[in-house]
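Breakdown of the fold
One-letter residues, chain by chain:
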Amino acid sequence: MTTPPALLIAGHGTRDEAGAEAFRAFVRELGRRHPELPVAGGFIELSPPPLGEAVTELVERGVQRFAAVPLMLVSAGHAKGDIPAALAREKERHPGISYTYGRPLGPHPSLLNVLERRLAEVLGDWDRAEVTVLLVGRGSTDPDANAEVHKAARLLWEGRGFAGVETAFVSLAAPDVPSGLERCVRLGARRIVVLPYFLFTGILPDRVREQTSAWAAGHPEAEVRSAEVIGPEPELLDLVMERYREALKGDLRMNCDSCVYRIALPGFEDKVGMPQQPHFHPDDDGDHPHGHGHHHHGGHAHAH
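Figured I'd write up the structure that's included with this text. Bear in mind the structure is a predicted one, so any value in this text is a computation, not a measurement. Counting from 1, residues in each chain are numbered in the order their sequence is written. Under the rules for a predicted model, residues below a pLDDT of 70 receive no local features and side-chain atom pairs below 80 are neither given nor counted, while totals for whole chains, interfaces and linings still include all residues. Heavy atoms from the whole structure form the basis of all side-chain values; hydrogens and water molecules are not counted.

Things to note about the side chain of Glu-233
Looking at the element boundaries, Glu-233 is found in the loop between strand E8 (223-226) and helix H8 (234-249). Each polar contact in these results corresponds to two N or O atoms within 3.5 Å; when the atoms are within protein, one needs to be able to donate a hydrogen and the other to accept it, and residues that are neighboring in sequence are counted only if both atoms are side-chain atoms. There is a polar contact of 3.2 Å between the side chain of Glu-233 and the side chain of Arg-118. Numbered from the N terminus, helices here are DSSP runs of H or I no shorter than four residues, and strands are runs of E no shorter than two.

A few points about the sheet that holds strand E4 (residues 98-101)
Reading across from one edge, E2-E1-E3-E4 is the order of the four strands in this open sheet, with parallel pairing throughout. Each edge of the sheet is formed by a strand with only one pairing partner; in this case those strands are strand E2 (39-43) and E4. Each strand axis lies, on average, 25° off the axis of its neighbour in the sheet, ignoring direction. What makes two residues a contact is simply this: any of their non-hydrogen atoms within 4.5 Å. Every axis in this analysis is a line fitted to C-alpha atoms, fitted for helices over the stretch in contact. Angles between the N-to-C directions lie between 0 and 180 degrees. Along the sheet face, helix H1 (residues 17-33) touches strand E1 (6-11) and E2 and points at about 165° away from the line of E2. Any two strands between which DSSP finds at least two bridges are classified as paired.

What about the side chain of Lys-80?
Here Lys-80 shows up in helix H3 (residues 77-93). A polar side-chain atom of Lys-80 sits 2.8 Å from a polar atom in the side chain of Asp-142. Only 3.0 Å separates the side chain of Lys-80 from the side chain of Asp-144, close enough to count as a polar contact.

Some points on the environment of Arg-207
On the secondary structure map, Arg-207 appears in helix H7 (residues 203-217). Separated by 37 residues in sequence, Arg-207 and Val-170 have C-alpha atoms that sit 7.5 Å apart.

Some remarks on unusual backbone geometry
Here the amide bond leading from Pro-48 into Pro-49 is cis, since omega sits at 0°, within 30 degrees of zero. With respect to the helices, strands and loops of the structure, Pro-49 is situated in the loop between E2 and helix H2 (51-60). In this chain, Ala-174 is followed by Pro-175 through a cis amide linkage whose omega measures 0°. Even without glycine at this site, Leu-46 takes up a positive phi of about 70°. If you trace the backbone, Leu-46 turns up in the loop between E2 and H2. Relative accessible area serves as the criterion here: at 18%, Leu-46 is assigned to the buried category. Phi at Leu-172 takes a positive value of approximately 65°, unusual for a residue other than glycine. Relative to the helices and strands, Leu-172 is located in the loop between strand E6 (164-169) and helix H6 (177-186). When a residue's accessible area, from a 1.4 Å probe over protein chains only, is under 20% of the maximum for its type it is buried; when over 50% it is exposed; and in between it is partly exposed.

What to know about the packing of aromatic side chains
Only Phe, Tyr and Trp rings are paired, with Trp represented by its six-membered ring, and only when their centres lie within 6.5 Å; those with planes under 30 degrees apart are stacked, over 60 edge-to-face, the remainder tilted. All told, the structure shown has three aromatic pairs when counted by the stated rule. Between Phe-23 and Phe-43, the ring centres sit 4.3 Å apart and the planes meet at 45°, which makes this aromatic pair tilted. One end of the pair, Phe-23, is in helix H1; the other, Phe-43, is in strand E2, with 20 residues separating them in the sequence. Taken as a pair, Phe-23 and Phe-43 share a single burial class, namely buried. Above the face of the Trp-126 ring, Arg-225 is positioned so that its terminal group lies 3.8 Å from the ring centre. Only when the NZ of Lys or the CZ of Arg is both within 6 Å of the ring centre and within 35 degrees of the ring normal is a charge said to sit over the ring.

Quick notes on the pairing of E1
Summarising burial for E1: six of the six residues are buried, a large majority. Neither face of E1 is exposed, since Ala-6, Leu-8 and Ala-10 on one face and Leu-7, Ile-9 and Gly-11 on the opposite face are all buried. Relative to strand E3 (residues 65-70), E1 is paired through five bridges, and the arrangement is parallel. Across the sheet, residue Ala-10 finds its bridge partner in E3, namely Pro-70. Here E1 runs beside E2; their pairing, made up of five bridges, is parallel. Counterpart to Ile-9 in the pairing with E2 is Gly-41. Taken together, E1, H1 and E2 constitute a β-α-β crossover, and its handedness is right-handed. When the strands point away from the viewer, a crossover counts as right-handed if the path from the first strand over the helix to the second runs clockwise.

Put into structure tokens, the structure is as follows:
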């Protein structure tokens, strides 16, 4: 029997060891569930193993063809530029391999169901009709990525009976968590659930919880509860396999309508047509801090 193309999972990376281990455990579970399939995973930055090491692992197992799936909720700089650039570099390092590239997870209905479950876990005796949800995303310098979080918030609100679903970001984009909570109160909210739009635990989800607690302590007029991250749920495992199968079929349906590398958006005109520039990340050459300053200029590229 012919071995199917391998599955390569590409993660963002985190300085939080528990978050990095959650990713690695997720990759192991995918491999356990699909013994017929070579599975490996690596990070773009901050955490071992680096993506290049994961590709080498697959090559050493005899893999020549694989599909790469970005384990990311939104299509920002990493999914649009860094991962394609890293894969192009690995193709140069390993002549003879070929790959297809899947799309990020996005606000898929199955993940929205998990988010609803996370909310239900903390609602207790609260009536949904009296609860405003604050969905908090990572935040990006890419407006398309931030818009994806707003899309998820709208889809989460539709048909689920909450008073409203507002949006905030924990880094790189406004409004921040305190500003998002203020907005909820100004809109009349008295009961708020802060819902982190993250796959796994880590420094940024922890920061969301800390900022939420600090704000709530100074605003006794509002009742505020914090929900958990999505986590390694069966729905997430199934969705990654769905993205894998899409990639193999070539049915990617990437959203280019509001991509800064294709369309001139106000304030981002200089990004249009930017060529794909492979560039190295810290775990390729050693462990040293990696800033996000390169997100503001010509470091990122886009493979359309």
